[in-house]
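Commentary on secondary and tertiary structure
Read off the chains here:
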Amino acid sequence: MRNISTHKNAPVKSNSNLLIIVCLIIVLILYLATLKDFGAILSNSKLQVFKMTLISIIIEALPFILIGVFVSALLQVFVSERTIRRLIPKNPFLGIVTAGVLGIIFPICECGMVPAIRNLIKKGMPLYVASTFILVGPILNPIVFLSTLTAFRNQPVVAYSRMGVAIVVALIVGLIIYRFVNPNQLKNTLLTNHGHDQERNSIEPAAQPHSHKEHSHSHPVGNKLLEVMSHTISEFFEMGKYLVFGSMLVGLLQVFISQNGLASMGENFISSHLIMMGLGFILSLCSTADAFVAQSFQTTFSNSSLVGFMVFGPMLNLKGLLMMLAVFKTRFVVILGCLVFVFVFASTLVLHWILN
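Definitions and limits used
- Residues numbered from 1 in each chain as written.
- Predicted model: local features only at pLDDT ≥ 70, side-chain atom pairs only at ≥ 80, totals over all residues.
- Heavy atoms only, no water.
- Helix = DSSP H or I, 4+ residues; strand = E, 2+ residues; numbered from the N terminus.
- Buried < 20%, exposed > 50% of the residue type's maximum accessible area, 1.4 Å probe, protein only.
- Contact = heavy atoms within 4.5 Å.
- Areas by Shrake-Rupley, 256 points an atom, 1.4 Å probe, with all protein chains shown as cover.
- Expected span 1.5 Å × (residues − 1).
- Polar contact = N/O pair within 3.5 Å; in protein donor to acceptor, adjacent residues only side chain to side chain.
- Axes fitted to C-alpha atoms, helices over the stretch in contact; angles between N-to-C directions.
- Left-handed = near helix turned anticlockwise from the far one by under 90°.
- Arc of directions from axis to C-beta.
- Nonpolar A, V, L, I, M, F, W, Y, C, P; charged D, E, K, R; others polar.
- Phe/Tyr/Trp six-rings, centres within 6.5 Å; stacked < 30°, edge-to-face > 60°.
- pLDDT = per-residue confidence, 0-100.
- Salt bridge = Lys/Arg side-chain N within 4 Å of Asp/Glu carboxyl O.
- Core = buried A, V, L, I, M, F, W, Y, C linked by side-chain atoms within 4.5 Å.
- Patch = residues over 30% accessible without salt bridge, like charges linked within 9 Å, V, L, I, M, F, W, Y side chains within 5 Å.

A closer look at the overall build of the protein
- Of regular secondary structure, the protein possesses 18 helices and zero strands.
- In the protein, which comprises 356 residues, the share counted as buried stands at 40%.
- When contacts within the protein are restricted to residue pairs at least 6 apart in sequence, those whose partners lie at least 24 apart make up 85%.
- Accessible surface computed for the protein: about 19,600 Å², of which carbon and sulfur atoms make up 68%.

Quick look at the structure:
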């Protein structure tokens, strides 16, 4: 009973804190409105640039995020992880290729990739297949391809290059992990908890013989539809906040960083690739929306560096790194991150030579 009451009180505390923050923001806005030069602040040219950049990115990206989270919720509810695991062949190379194909079939955003992969590994999916799916899944799916093609409608080669680089990097990294990395990389606490869960599941049916009878009167289809909507809403707001945060950072970059300075950094093709890959890691944008952010830098950076931004960011970003550290051993996360960095950087340099 104590755990239940604590769990119920947690959202109330969170909502109270959110209400306090909103009230403080409203008070601050009202205070600024009383200032005589408040109108001059609103008409400031830099603020206008920030506002237009923020709004344009959000409006273009939101439809693709909504589609992505809805499809992801359908897969979460109606497609079992065991069914996906049966699709993985035992041959290592074919298993890695299959992981790439699964990325095309199942458009799961990187925000929900790590928890899903953790369960798949517990049920027997090989680590090298799971690693390939983590890397290629957020990029190699129809929704991301469509959003990238829309953002770069005047240069569709960028969209095709993004898919090609993602496939090459994921396959190479997957083969290296298969050959040189120990397959047991889940944290010990997760493995222990999984063992306790299995014991509990084997005991509970005998201890509670009336549980199946109670569920027989429910409406599974209606419950699953409600679960789909619940997942869609939660994932939409979860990814939406990262989109808004990333769009705000891009707007601030557009306002406060000199365009001439960015252009000078972009002239060196090596530094331009490193800068855009670093931005992809820090901004931690959803793969269904990052193409619109990359498009805003098209006049400053080369297309190959933009591809590096759109490949490295979904494969390895700040929020995804924190999630992986909570699931996998630190040494494995470091190895995976180094491999992704090296091969994305090398691939985009080769792409720069091909495009030019």
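Here's the deal with helix H5 (residues 92-105)
- The end-to-end C-alpha separation of H5 is 20 Å, in line with the 20 Å expected for 14 residues at 1.5 Å each.
- Considered for burial, the residues of H5 that qualify are Pro92, Gly95, Ile96, Thr98, Ala99, Gly100, Leu102 and Gly103.
- The backbone nitrogen of Phe93 has a side-chain oxygen 3.1 Å away, supplied by the residue at the start of H5, namely Asn91.

Some points on the packing of helix H17 (residues 318-327) against helix H18 (residues 330-355)
- Look at H17 against H18: their axes get within 8 Å of each other, and the N-to-C directions meet at 145 degrees. Judged by the twist between their axes, the crossing of H17 over H18 is right-handed. Side by side, H17 and H18 meet where Leu321, Met324 and Leu325 of the first sit next to Thr330, Val333 and Leu336 of the second.

Brief notes about helix H8 (residues 142-151)
- Every buried residue of H8 is listed here: Ile143, Val144, Ser147, Thr148 and Ala151. For H8, the arc enclosing every buried residue in end-on projection is 130 degrees, short of the 170-degree limit, so these residues lie on one face.
- Here H8 starts with a cap whose side-chain oxygen sits 3.1 Å from the backbone nitrogen of Ile143, and that cap is Asn141.

Focus: the packing of H8 against helix H9 (residues 157-180)
- One way to put it is that H8 packs onto H9 with a least axis distance of 8 Å and a crossing angle of 145 degrees. In the crossing of H8 with H9, the sense of the turn from one axis to the other is right-handed. The residues of H9 that touch H8, namely those facing Val144, Phe145, Thr148 and Leu149, are Ala159, Tyr160, Arg162 and Met163.
- Its residues placed into classes, the contact of H8 with H9 shows six nonpolar, one polar and one charged.

What about the packing of aromatic side chains?
- Scanning the entire structure with this criterion turns up six aromatic pairs.
- Consider the rings of Phe312 and Phe341, whose centres lie 6.1 Å apart with planes at 75 degrees: the pair is edge-to-face. With Phe312 in helix H16 (residues 303-315) and Phe341 in helix H18, the pair connects residues that are 29 residues apart, well separated along the chain.
- What makes Phe312 buried here is its relative accessible area of 5%.

So, the confidence of the model for the protein
- Here the protein averages 76 in pLDDT, while 68% of its residues score no lower than 70.
- The least confident element of the protein is helix H11 (residues 211-215), whose mean pLDDT is 43; the most confident is H18, at 95.
- In the predicted structure, residues 1-15 sits below a pLDDT of 50 and forms zero contacts with residues beyond four places in sequence or in another chain.
- Overall, residues 193-218 carries pLDDT values under 50, and its contacts beyond four positions in sequence, including any with other chains, amount to two contacts.

Thoughts on the pattern of salt bridges
- Within this structure, the stated rule accounts for one salt bridge.
- Its salt-bridge partner being Arg162, residue Asp290 comes within 2.9 Å of it at the nearest N-O pair. Separated by 128 residues along the polypeptide, Asp290 in helix H15 (residues 290-295) and Arg162 in helix H9 bring together distant segments of the chain. Here the two residues Asp290 and Arg162 agree in accessibility, since each one is buried.

Overview of the nonpolar core
- Ranked by size, the top nonpolar core spans 68 residues in total, and within it Ile117, Ile177, Phe309, Met315 and Phe328 carry the most contacts.
- Apart from the residues within four sequence positions on either side, Ile117 is in contact with Met125, Ala130, Phe133, Ile134 and Phe328.

Topic: the environment of Leu336
- Within the secondary structure, Leu336 is located in helix H18.
- The buried category is assigned to Leu336, whose relative accessible area is 3%.
- Separated by 160 residues in the primary sequence, Leu336 and Ile176 have C-alpha atoms spaced 9.8 Å apart.
- Filtering out sequence-adjacent residues up to four positions away, Leu336 remains in contact with Leu135, Val173, Ile177 and Met324.

Thoughts on a nonpolar patch on the surface
- A contiguous nonpolar patch, built from Phe93, Leu94, Val97, Val101, Ile104, Ile105 and Leu175 and spanning about 580 Å² of accessible area, is present on the exposed surface.
- Here the nonpolar patch takes six residues from H5, the largest share from any one element.
- Its location among the elements puts Phe93 in helix H5.
- Judged by relative accessible area, which is 47%, Phe93 ranks as partly exposed.

What to know about the side chain of Asn317
- Relative to the assigned elements, Asn317 resides in the loop between H16 and H17.
- Engagement of the side chain of Asn317 in a polar contact is seen with the backbone nitrogen of Gly320, the distance being 2.7 Å.

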